[in-house]
Amino acid sequence: MAVWYSLLLVLGMSLFVYLGAGLLGLQAIFGIVVPYAAILVFLIGFSMRILGWARSPVPFRIPTTAGQQKSLGWIKPSKVDSPYTTWGVVGRMAMEVLLFRSLFRNTKAELTEGKLAYGSSKWLWLFGILFHYTFLTIVIRHLRFFTEPVPFFVQALDRVDGMLQIGSPVIYQTDVILVAALLFLLIRRLVNPQMRYLSLPADYFPLFLILGIALTGIMMRYFAVFKVDLLSVKVLAMGLATFNPTIPEGIGVMFYIHLFLFSALLAYFPFSKLMHLGGVFLSPTRNLPNDSRMARHVNPWNAPVKVHTYEHYEDDFREKMIEADLPVEKQA
Amino acid sequence: MYNAGKIIPGLLIFLGLVTFPFWSNLGRAYDVPELVMPEAEEECVLAGDWMRANHMILLDDWRDLAVRDNKRLFTNDAGKRFDMSLTKTCLSSQCHANKDTFCDRCHDALAITPNCWDCHVVPTIGEE
Ligand code: HEM
């Protein structure tokens, strides 16, 4: 159900744009209003989510440790996997964000000959990281539509990405890898009954949405029927970027579908699990040093408790205690 | 708010990165590069609109036909015949004789760098 629901939603949106921008000629809505609105929702929504998280206290040290804690001098501590300094945490976060280190440790539990056994399982890590890096490359390459002159790093990336020089226009490796990785991530949820049971529309929808963006882009680039005039696309994109929006004549509807799905992704982003983009930096299980034995951590929202120590008690009643011959710590 | 000293700068850096297209273009307007069209000829090999988006597919077909099948004559819808040649037809003195003001202006705007001219000759203009 969840799968079909998500797929239908993405197809429905595409059809909606086909009707709106293709048949009714509402290009100004799909080319100007929707993208600007989506960008606003994204920027404000993203900031609100981060500030919301920043307001939540983290009362305990809860780093997940994956190595020896700092302890006696002759026991070798694991500086990065159980970090106890700021640089240790920085190293750990960098490896988490750039290399998906914790996912690399992913294991799979299986019953073999009646016994539970854990085995290494790296496919999710591999396709996960392929997906993220190809996506990033494609987004950076797209800057050619939003910059004039096109910066050096965008041109260089474009050339490296097309270095196999297959066909004309040349095939970008990232396009092939992105689609393969997305299909893996999708099929992974479908073939395994447990995964399927756990998957919700919120899991399938982003996959279909990004797949939709990728496939419309690919159709626009490689298939003659769907090709669009890129110079006009650049005029539209630069119009958006310079706050001087225009709708050039004759950009094919495939472009508007691509742009609309992208806008949908932007607007959906702050409200979805995709917020892990910001959230990963705020995960207390990763970004706290494991130093509870070295420093005292006080719960930040501890209510101030009024304490009355024995010393105070004695101060209050010292004379009376001496009169009654009770022992006191401090003489009057 | 907790750890505002780290989270706020982080958020600002992120917002700065994602709004790059907007602030890097502040105060600028985009001028569409002007493409110099051939004077001697009215029509392109195929319809102009189609060529704008699809010329690389046509060139690819031509290349394959010429190099692999030794077919070097192309007849368009109107029955007109062309030599299937990058330099001798597209860039001929009748048509896009000046690659700089036509092909390159559009390609540069979009960071497209075809490698064709590593091998193929670009006709020189202004010399006989
Ligand atoms: C998350 C954002 C986006 C993703 C993942 C994405 C993905 C893709 C992919 C995979 C392609 C195939 C060719 C290539 O890799 O360059 C493509 C092409 C294209 N995209 Fe996007 N896209 C995104 C946003 C946008 C936006 C905002 C625009 C508006 C200017 C846009 C306009 C285009 C155009 C015009 C093409 C055709 C390029 C060509 O024919 O060479 N895309 N897109």
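Quick notes on the overall build of chain B
Right, on to step 1. Along chain B, the regular secondary structure elements total five helices and two strands.
Right, on to step 2. Ordered by position from N to C terminus, the α and β elements of chain B give α-α-α-β-β-α-α.
Right, on to step 3. For 128 residues, the compact-globule estimate of 2.2 N^0.38 gives 14 Å, and chain B exceeds it by more than 25% at 23 Å.
Right, on to step 4. In terms of principal-axis extent, the alpha carbons of chain B reach across some 75 × 35 × 30 Å.
Right, on to step 5. Counting only residues that meet the buried cut, chain B has 34% of its 128 residues in that class.

Focus: the pattern of salt bridges
Residues and elements named next belong to chain A.
Right, on to step 1. Under the defined criterion, the tally for this structure stands at 18 salt bridges over all chains.
Right, on to step 2. A salt bridge links aspartate 81 to arginine 101; the shortest N-O distance between them is 2.7 Å. Remark: arginine 101 occurs in helix α4 (residues 101–104) and aspartate 81 occurs in the loop between α2 (27–55) and α3 (86–99); sequence separation between them is 20 residues.
Right, on to step 3. Residue arginine 101 is classed as partly exposed on the basis of its relative accessible area of 28%.
Right, on to step 4. With its nearest N and O atoms 4.0 Å apart, the salt bridge here joins arginine 105 to aspartate 81. Taken together, the positions of arginine 105 in the loop between α4 and β1 (107–112) and aspartate 81 in the loop between α2 and α3 put the pair 24 residues apart, joining distant regions of the chain.
Right, on to step 5. Among the residues examined, aspartate 81 registers a relative accessible area of 13% and is labelled buried.

Side note on the coordination of the iron atom of the ligand
All names here are of chain A.
Right, on to step 1. Donor atoms from the polypeptide that bind the iron atom of the ligand are His142 (NE2) and His258 (NE2), placed at 1.9 to 2.0 Å.
Right, on to step 2. In this structure, the iron atom of the ligand is coordinated by six donor atoms arranged in octahedral fashion, with angles at the metal of 86 to 180°. Placement of histidine 142 in the loop between α5 (123–141) and α6 (152–161) and of histidine 258 in helix α11 (residues 253–268) is noted, with a sequence separation of 116 residues between them.

A short note on the nonpolar core
Right, on to step 1. In terms of nonpolar packing, the biggest core is built from 79 residues, with Phe46(A), Leu209(A), Phe255(A), Tyr256(A) and Phe74(B) touching the most fellow members.
Right, on to step 2. If we ignore the near neighbours within four places in the chain, the residues touching Phe46(A) are Val41(A), Phe269(A), Pro270(A), Met275(A), Leu277(A), Gly278(A), Leu11(B) and Phe14(B).

A short note on the packing of aromatic side chains
Remark: the centre distance and the inter-plane angle together describe each pair of aromatic rings, the angle taken between the planes.
Right, on to step 1. Inspection of every chain in the model, using the stated rule, returns 20 aromatic pairs over all chains.
Right, on to step 2. Both rings, one in Phe20(B) and one in Trp23(B), keep their centres 5.3 Å apart while their planes meet at 90°; by these two values the pair is edge-to-face. In this pair, Phe20(B) and Trp23(B) both sit in helix α2 (residues 20–23), three residues apart, roughly one turn of the helix.
Right, on to step 3. By way of ring pairs, the aromatic residues Phe42(A), Phe46(A), Phe269(A) and Phe14(B) are connected into one cluster.
Right, on to step 4. Directly above the aromatic system of Tyr172(A) lies the positively charged group of Arg141(A), at a separation of 3.5 Å from the ring centroid.
Right, on to step 5. Seen from the ring of Trp117(B), Lys99(B) lies directly overhead, with NZ or CZ sitting 4.4 Å from the centre.

Quick look at the interface of chain B and chain A
Right, on to step 1. Contacts between the two partners involve 33 residues from chain B and, on the opposite side, 44 residues from chain A.
Right, on to step 2. Buried area between chain B and chain A, summed over both chains or domains, comes out near 3400 Å², and the portion from carbon and sulfur atoms is 73%.
Right, on to step 3. Counting the surface chain B buries against chain A, the share from its top three residues, Tyr2(B), Phe22(B) and Tyr30(B), is 20%.
Right, on to step 4. Where chain B touches chain A, the interface holds one salt bridge.
Right, on to step 5. For the interface between chain B and chain A, the tally reads eight residue pairs in polar contact (both at pLDDT 80 or more).
Right, on to step 6. Those elements giving two or more residues to the side of chain B that touches chain A turn out to be α1 (4–18), α2, α3 (48–69) and α5 (100–109) of chain B.
Right, on to step 7. It is α3(B) that contributes the most residues to the side of chain B that touches chain A, seven residues altogether.
Right, on to step 8. Looking at side-chain class alone, the side of chain B that touches chain A contains 23 nonpolar, five polar and five charged residues.

Section: the confidence of the model for chain B
Right, on to step 1. Across chain B, the average pLDDT comes to 90, with 97% of residues at 70 or higher.
Right, on to step 2. We note a pTM of 0.90 for the whole complex and an ipTM of 0.91 for its interfaces.

Side note on a nonpolar patch on the surface
Residue and element names in this part refer to chain A.
Right, on to step 1. On the surface, Leu15, Tyr18, Leu19, Leu23, Leu24, Leu26, Ile29 and Val33 cluster together into a nonpolar patch covering about 760 Å² of accessible area.
Right, on to step 2. Those elements that place two or more of their residues in the nonpolar patch are α1 (2–23) and α2.
Right, on to step 3. Per element, the largest residue contribution to the nonpolar patch is four residues, and it comes from α1.
Right, on to step 4. Considering the arrangement of structural elements, one finds valine 33 in helix α2.

Considering the site of the ligand
Residues and elements named next belong to chain A.
Right, on to step 1. Inspection of the region around the ligand gives 21 residues, with Arg141, His142, Asp175, Arg221 and His258 positioned closest.
Right, on to step 2. One of the side-chain nitrogen or oxygen atoms of arginine 141 is found 2.7 Å away from an oxygen atom of the ligand.
Right, on to step 3. Here aspartate 175 contributes a side-chain N or O atom positioned 2.5 Å from an oxygen atom of the ligand.
Right, on to step 4. Listing elements by their share of the shell around the ligand, those giving two or more residues are α5, α9 (201–222), α10 (230–241) and α11.
Right, on to step 5. Broken down by element, the shell around the ligand gets its largest block of residues, six residues, from α9.
Right, on to step 6. For the shell around the ligand, the residue count by class is 14 nonpolar, three polar and four charged.

Describing the pairing of strand β2 (residues 115–120) of chain A
Residue and element names in this part refer to chain A.
Right, on to step 1. Across the six residues that make up β2, only a small minority, zero, are buried.
Right, on to step 2. The pairing of β1 with β2 spans six bridges and is antiparallel. Looking at the pairing, lysine 108 lines up with glycine 119 of β2.
Right, on to step 3. Between β1 and β2, which follow one another and run antiparallel, lie two residues, and glutamate 113 among them has a positive phi close to 50°.

Re the environment of Val10(A)
All names here are of chain A.
Right, on to step 1. Inspection of the secondary structure puts valine 10 in helix α1.
Right, on to step 2. With relative accessibility at 5%, the residue valine 10 sits in the buried group.
Right, on to step 3. Linking valine 10 and leucine 209, residues 199 residues apart in sequence, is a C-alpha distance of 6.0 Å.

Reading the values: rules and limits
Residues numbered from 1 in each chain as written. Chains lettered and ligands numbered in written order. Predicted model: local features only at pLDDT ≥ 70, side-chain atom pairs only at ≥ 80, totals over all residues. Heavy atoms only, no water. Helix = DSSP H or I, 4+ residues; strand = E, 2+ residues; numbered from the N terminus. Rg over C-alpha atoms; globule rule 2.2 N^0.38 Å. Buried < 20%, exposed > 50% of the residue type's maximum accessible area, 1.4 Å probe, protein only. Salt bridge = Lys/Arg side-chain N within 4 Å of Asp/Glu carboxyl O. Donors = N, O, S within 2.8 Å, 3.2 Å for Na, K, Ca; no water. Tetrahedral: all angles 85-135°; square planar, octahedral: opposite > 155°, others 65-115°. Core = buried A, V, L, I, M, F, W, Y, C linked by side-chain atoms within 4.5 Å. Contact = heavy atoms within 4.5 Å. Phe/Tyr/Trp six-rings, centres within 6.5 Å; stacked < 30°, edge-to-face > 60°. Lys NZ or Arg CZ within 6 Å of the ring centre and 35° of its normal. Buried area = accessible area lost by both parts, 1.4 Å probe. Polar contact = N/O pair within 3.5 Å; in protein donor to acceptor, adjacent residues only side chain to side chain. Nonpolar A, V, L, I, M, F, W, Y, C, P; charged D, E, K, R; others polar. pLDDT = per-residue confidence, 0-100. Patch = residues over 30% accessible without salt bridge, like charges linked within 9 Å, V, L, I, M, F, W, Y side chains within 5 Å. Areas by Shrake-Rupley, 256 points an atom, 1.4 Å probe, with all protein chains shown as cover. Near = heavy atom within 4 Å. Pairing = 2+ DSSP bridges.

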